[in-house]
Amino acid sequence: MAYPSRPALRALLGASALALSVIAGPVLAETVFTKPLVEFAGRVSAGGVDRAPVHKGGKAVIEGQNLIPGQTVTLMRGTTTLNAEPITVDAEGGFSFALDVDAEAETGLQPIVVVTENPASAEVVELKVSPEVAVAGTEKLAVASEPVVRGLYQVKFSEAANAAFVTSAVGRPPVKESKLVKINAETLKIEAEATPGAAPARPDGSDGGVFAVYGIDVDEANGHVWVTNTRQDTAAVYKQSDLSLVKQFEPGAVPHARDVVVDEANGRAYASATGTPEIKVFDTKTLEPLEPITIQSQIRGEEFSTMALDIDEAGGKLVTVSLSTPEAAVVDLASGEVKVIPLPGTKAASGVAYDPQEGLIFVASQATDNLLIVKAETGEVLHDVAVGAGPLNVAFEPVGRLAYVANRGAGTIAVVSPEGEIVANLDAGSYPNQLRADGKGNVWAVNKSRGEDDEAGDRIWRITPATE
């Protein structure tokens, strides 16, 4: 190989230096390090059009609010720029960008980098691409459904009353429309209803609305119905017979109360205080609060946030799941021991069910669109099932030995075997919200409406295996 002479080498180096100075000149004159923000300003969200789920080959929209007028926005997925030209934030501090999701997109939480200039900042938002699960297997199930009242939330069947009790609440605080409803088990028609009483004024002195009812369970031993009053951070007890109020607990008794379950064998009621690591405990005879159950997250620096509850009365087990951390917990009610189980592959878990026969925990997670089936004893994840958009709650039906998952975003109820197979997927109208098994082979469910003219919503559903 021939090398250049020393004069030729000096000339070559000189030319290279000149070229580099030409390239570097604009960078030094116009720095890339422009004026930054101390922290990202505004709020950016990524989702479906009109809040619909996003599927591969579908449409998405990325929207910003409370940004700085005149800022420019560039959206990136990895090294790919999604908008051909920078988006300019409007005079109200907002922007909206329509995005076509390609047909080969992977499902899951896709990170979108939001880069602004003038001034500069960056933020990562998640675009959830949900799996599509076709409606199928409807011939395997017999479904009866009837409209009830607006704003249905939860349902629980009472064998003693031969009726289903449902809760409803409409709107945001101050909630002024709420009902506790008793429904005939055969006809699914309303037998009785009650409106909760007025709640105290809010901290700012404004109208407190009513003690709206959300979570529900029945206490057959005492003829009661327990409900949670989420907006007032408390709970209440009503009579099954005439829906008269037995006791209204004071506001603050259960912070952001979500679920309530009754342990008739031991005379206890348990209510999850979402946003905290606590499950509040009450004596079902005296109706007095007892020492709460506290669950410590196993993730350093994080706090367990209790959500759905399920109980195995015979086995003395109380099961819950955390909204804020990928964890479930099993409480031994005899010893008080709490076992926390990691849930890899979940985010924003909200629903939980327990099968004592095989010791299985079923976890529905809204953000990851999946149902995990976990062995409680070992913590092993046996199956990770893509069930549809936005699974909110799950119930295990012990007679047919199937899990029923309410997919709020997809508008379906997926029926899943303990082996992780989807054996049926039912069209459940709009926003299926919650469901419970009655131990007799039936699953009771409620859904919410998209608006006053939505005839597919605010209904009660009774789902039973079809007879041959």
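In this text, all values refer to a predicted model and were calculated from it rather than measured experimentally.

Scoring rules and cut-offs
- Residues numbered from 1 in each chain as written.
- Predicted model: local features only at pLDDT ≥ 70, side-chain atom pairs only at ≥ 80, totals over all residues.
- Heavy atoms only, no water.
- Salt bridge = Lys/Arg side-chain N within 4 Å of Asp/Glu carboxyl O.
- Helix = DSSP H or I, 4+ residues; strand = E, 2+ residues; numbered from the N terminus.
- Buried < 20%, exposed > 50% of the residue type's maximum accessible area, 1.4 Å probe, protein only.
- Domains from an automatic or database assignment.
- Contact = heavy atoms within 4.5 Å.
- Buried area = accessible area lost by both parts, 1.4 Å probe.
- Pairing = 2+ DSSP bridges.
- Axes fitted to C-alpha atoms, helices over the stretch in contact; angles between N-to-C directions.
- Polar contact = N/O pair within 3.5 Å; in protein donor to acceptor, adjacent residues only side chain to side chain.

What follows is about the pattern of salt bridges. Going through the model one piece at a time under the given rule, you end up with 14 salt bridges. A salt bridge links E193 to K179; the nearest nitrogen and oxygen atoms lie 2.7 Å apart. Placement of the pair is E193 in strand β13 (residues 190–194) and K179 in strand β12 (residues 177–184), with a sequence separation of 14 residues. For K179, a relative accessible area of 25% puts it in the partly exposed group. Ionic pairing is found between R401 and D355, a salt bridge with its closest N-O pair at 2.5 Å. Of this pair, R401 sits in the loop between β30 (391–397) and β31 (402–407) while D355 sits in strand β26 (residues 349–355), placing them 46 residues apart in sequence.

Many analyses report the size of an interface as the accessible area lost when the parts associate. Its domain assignment divides the chain into domain 1 (43–129) and domain 2 (138–465). Using only C-alpha atoms to locate each centre, domain 1 and domain 2 end up separated by 34 Å. In this complex, domain 1 contributes five residues to the contact, which on the side of domain 2 involves nine residues. Carbon and sulfur atoms make up 50% of the area that domain 1 and domain 2 hide from each other, which totals about 440 Å². A per-residue breakdown of the area domain 1 buries against domain 2 is headed by P53, L109 and K128, which together make up 75% of the total. The interface formed by domain 1 and domain 2 contains two salt bridges.

Through backbone hydrogen bonds, the strands of a sheet pair up, either in parallel or in antiparallel fashion. Strand order in the open sheet formed by four strands is β10-β11-β12-β13, with antiparallel pairing between adjacent strands. Here the strands that pair on one side only, and so sit at the sheet edges, are β10 (152–158) and β13. For this sheet, the mean inter-axis angle between neighbouring strands, taken without regard to orientation, is 20°. Sheet topology note: the β10/strand β11 (residues 163–170) ladder contains five bridges and is antiparallel. Paired with K156 across the strands is F165, a residue of β11.

Attention shifts here to the side chain of E397. Along the chain, E397 turns up in strand β30. Here G400 takes part through its backbone nitrogen, which lies 2.6 Å from a polar atom of the side chain of E397. Ignoring sequence-local partners within four residues, the contact set of E397 consists of L402, Y404, A437, G441, N442 and V443.

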